[in-house]
Amino acid sequence: MLEALGLTAGEEAVYRFLIATPGTAADLVTALDRPAFQVETDLAALAGRGLVSRHGDRYAAAPPSVALGGLLTARREELRTAELAIVALAEQHRTAAADRAVGDLIEVVTGVEAVRQRFLQIQWAARERVRSFSTAPFVAVPPSDNTAEDRGVDRGVEYLVVVEREVLTAPGAVAGTVDSIRRGVRVRVADKLPIKLMMADSDLALVPLTTEPGGEPAAVLLHRSGLLAGVEALFEAVWQRSYPLRADALDGLGEEHEPEIGELDRKILGLLLSGLTDEAVAGQLDLSLRTLQRRLRALMDLAGVRTRVQLGWHAARHDWA
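Small disclaimer: the values here were computed from a predicted structure and weren't measured.

**Observations regarding the overall build of the protein**
Counting its secondary structure elements, the protein contains 13 helices and 11 strands. Sorting the 321 residues of the protein into buried and exposed places 41% on the buried side. Sequence separation of 24 or more characterises 70% of the internal contacts of the protein that already satisfy a separation of 6 or more. For the protein, the exposed surface amounts to about 17,100 Å²; the carbon and sulfur share of it is 55%.

**Section: the packing of aromatic side chains**
If you walk through the whole model with that rule in mind, you get 2 aromatic pairs. Taking 5.2 Å as the distance between ring centres and 25 degrees as the angle between the ring planes, the aromatic pair formed by Phe133 and Phe235 counts as stacked. Here Phe235 lies in helix α8 (residues 226–241) and Phe133 lies in strand β5 (residues 129–134), a separation of 102 residues in the sequence. In this pair, the class of Phe133 matches that of Phe235, namely buried. On the numbers, 6.0 Å between centres and 20 degrees between planes, the contact of Phe235 with Trp239 is stacked. Highlighted residues: Phe235 and Trp239, both in helix α8, separated by 4 residues, approximately one helical turn. Three or more aromatic residues joined by ring pairs make a cluster, and in this case those are Phe133, Phe235 and Trp239.

**So, the confidence of the model for the protein**
Summarising the model, the protein shows a mean pLDDT of 81, and 87% of its residues fall at 70 or more. Note that pLDDT drops below 50 for residues 252–258; the model gives that stretch 13 contacts with residues more than four away or on any other chain.

**Overview of the environment of Asp278**
Counting through the fold element by element, Asp278 comes out in helix α11 (residues 278–284). Sequence spacing of Asp278 and Gln293 is 15 residues, and the spatial spacing of their C-alpha atoms is 7.8 Å. Residue contacts for Asp278: discarding those within four places in its chain leaves Leu272, Leu289, Leu292, Gln293, Leu296 and Arg308. A polar side-chain atom of Asp278 sits 2.6 Å from a polar atom in the side chain of Arg308.

**What about the nonpolar core?**
Counting 31 residues, the largest nonpolar core has Ile122, Leu206 and Leu245 as its most contacted members. Residue assignment for this core shows that the elements contributing at least two residues are α5 (112–125), α6 (147–154), β6 (158–164), α7 (173–183), β7 (186–190), β8 (197–200), β9 (204–209) and β10 (218–223). Among the elements that make up this core, the one with the highest residue count is α5 (4 residues). When sequence neighbours within four positions are dropped, the list of residues in contact with Ile122 reads Met198, Met199, Ala200, Leu204, Ala205, Leu206 and Leu221. Counting 17 residues, the second largest nonpolar core, distinct from the first, contains Leu5, Val14, Leu46 and Leu71.

**Digging into the pattern of salt bridges**
Applying the stated criterion across every chain yields a total of 15 salt bridges. One salt bridge connects Glu158 with Arg186, and the closest N-O pair in it is separated by 3.0 Å. Taken as a pair, Glu158 in strand β6 and Arg186 in strand β7 lie far apart in primary sequence, 28 residues in all. Accessibility expressed as a relative area gives 39% for Arg186, which makes it partly exposed. One salt bridge in this structure joins Arg308 and Asp278, with 2.6 Å as the shortest N-O distance. Of this pair, Arg308 sits in helix α13 (residues 308–317) while Asp278 sits in helix α11; the two residues are 30 residues apart in sequence, bridging distant segments of the chain. Judged by relative accessible area, which is 13%, Asp278 ranks as buried.

**Focus on unusual backbone geometry**
Generally, phi is negative for residues other than glycine and the peptide bonds are trans, each holding for most cases. Even without being glycine, Asp201 reaches a positive phi, approximately 50 degrees. Within the element layout of this structure, Asp201 appears in the loop between β8 and β9. A relative accessible area of 8% places Asp201 in the buried class. The phi torsion at Asp286 lies on the positive side, around 55 degrees, for a residue other than glycine.

**What about the side chain of Arg131?**
By the secondary structure assignment, Arg131 is in strand β5. Taking relative accessible area as the criterion, Arg131 reaches 3% and is therefore assigned buried. Polar side-chain contacts of Arg131 include one of 2.7 Å to the side chain of Glu232. At 2.8 Å, the side chain of Arg131 and the side chain of Glu236 are in polar contact. Sequence-distant contacts of Arg131, defined by excluding residues within four places in its chain, comprise Leu160, Leu197, Met198, Met199, Asp201, Ser202, Glu232, Phe235 and Glu236.

**Describing the packing of helix α10 (residues 263–273) against α13**
Here α10 crosses α13 at 115 degrees, and the two axes come no closer than 11 Å. In terms of orientation, α10 and α13 fall into the roughly perpendicular class. Between α10 and α13 the crossing geometry is left-handed. For the pair α10 and α13, contact is made by Leu269, Leu272 and Leu273 and by Arg308, Leu311, Gly312 and Ala315, respectively. Here the contact of α10 with α13 is built from residues that sort into 5 nonpolar, 1 polar and 1 charged.

The rules behind these values
- Residues numbered from 1 in each chain as written.
- Predicted model: local features only at pLDDT ≥ 70, side-chain atom pairs only at ≥ 80, totals over all residues.
- Heavy atoms only, no water.
- Helix = DSSP H or I, 4+ residues; strand = E, 2+ residues; numbered from the N terminus.
- Buried < 20%, exposed > 50% of the residue type's maximum accessible area, 1.4 Å probe, protein only.
- Contact = heavy atoms within 4.5 Å.
- Areas by Shrake-Rupley, 256 points an atom, 1.4 Å probe, with all protein chains shown as cover.
- Phe/Tyr/Trp six-rings, centres within 6.5 Å; stacked < 30°, edge-to-face > 60°.
- pLDDT = per-residue confidence, 0-100.
- Polar contact = N/O pair within 3.5 Å; in protein donor to acceptor, adjacent residues only side chain to side chain.
- Core = buried A, V, L, I, M, F, W, Y, C linked by side-chain atoms within 4.5 Å.
- Salt bridge = Lys/Arg side-chain N within 4 Å of Asp/Glu carboxyl O.
- Axes fitted to C-alpha atoms, helices over the stretch in contact; angles between N-to-C directions.
- Parallel < 35°, antiparallel > 145°, perpendicular 65-115°, else oblique.
- Left-handed = near helix turned anticlockwise from the far one by under 90°.
- Nonpolar A, V, L, I, M, F, W, Y, C, P; charged D, E, K, R; others polar.

Structure, rendered in structure tokens:
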């Protein structure tokens, strides 16, 4: 959940524990069931960012509104810097293009088969990394037909994919996404994406053009240029603010296999949806606050959501409470 702010999963686990209960490194090793050297490394990293403080042999978490708020502000500034870079690069491209043939910079591809061919060729050309934005609708190459992805992963190419949230609602989309993640594809989800995109290293990018309903599909193939660098900066900015997906969080979320939850989880959701605070719910069910919050985190992962509001919506829709 906090990976978007630069924290690793281990650092987040340590910080969450200390939010509820300040303690020693030994306490963390026992509670998180992790090796001592890993816990000490995470504590050092958190302390360096001002997220935890040390008093003797005990550690305490800094207030989230202050510590995490600072990280969030830094991320926003990075995005703003990326936006300004895109503007500058666009101007650089405009100036450079005046002295170069347009054909050296872009290639317009029309027709389903031509777009499909370029879509696959770009991935075959990648030596190190493929980055893409996946948005609906899929005109030329549905995700299930992207055979180049499997071959690319097999030869060691890193795949970074940002999926628009709407894509995951299509039949079979969740199962396909889980398969990709298990093969090694890194997937993140965004509420909305600005464009479709397929990029190979920093050399080539395919950007589909908007077409009228029933019209012929078309796309622009960008070669190495200032314009391509701007598109690359856009991808990196969107990637940083998108939510990482894990296979275990998506397992069983397909329409045909809705996950089951236990009676205790139903009681927790029912009490929270009635307006009770975490402390009140924990008291009613004779749970520790840390246990309650851990179960809520597991339910959010199971539902594939990021906030408690989204969890409440999912619970109501799927009769979880």
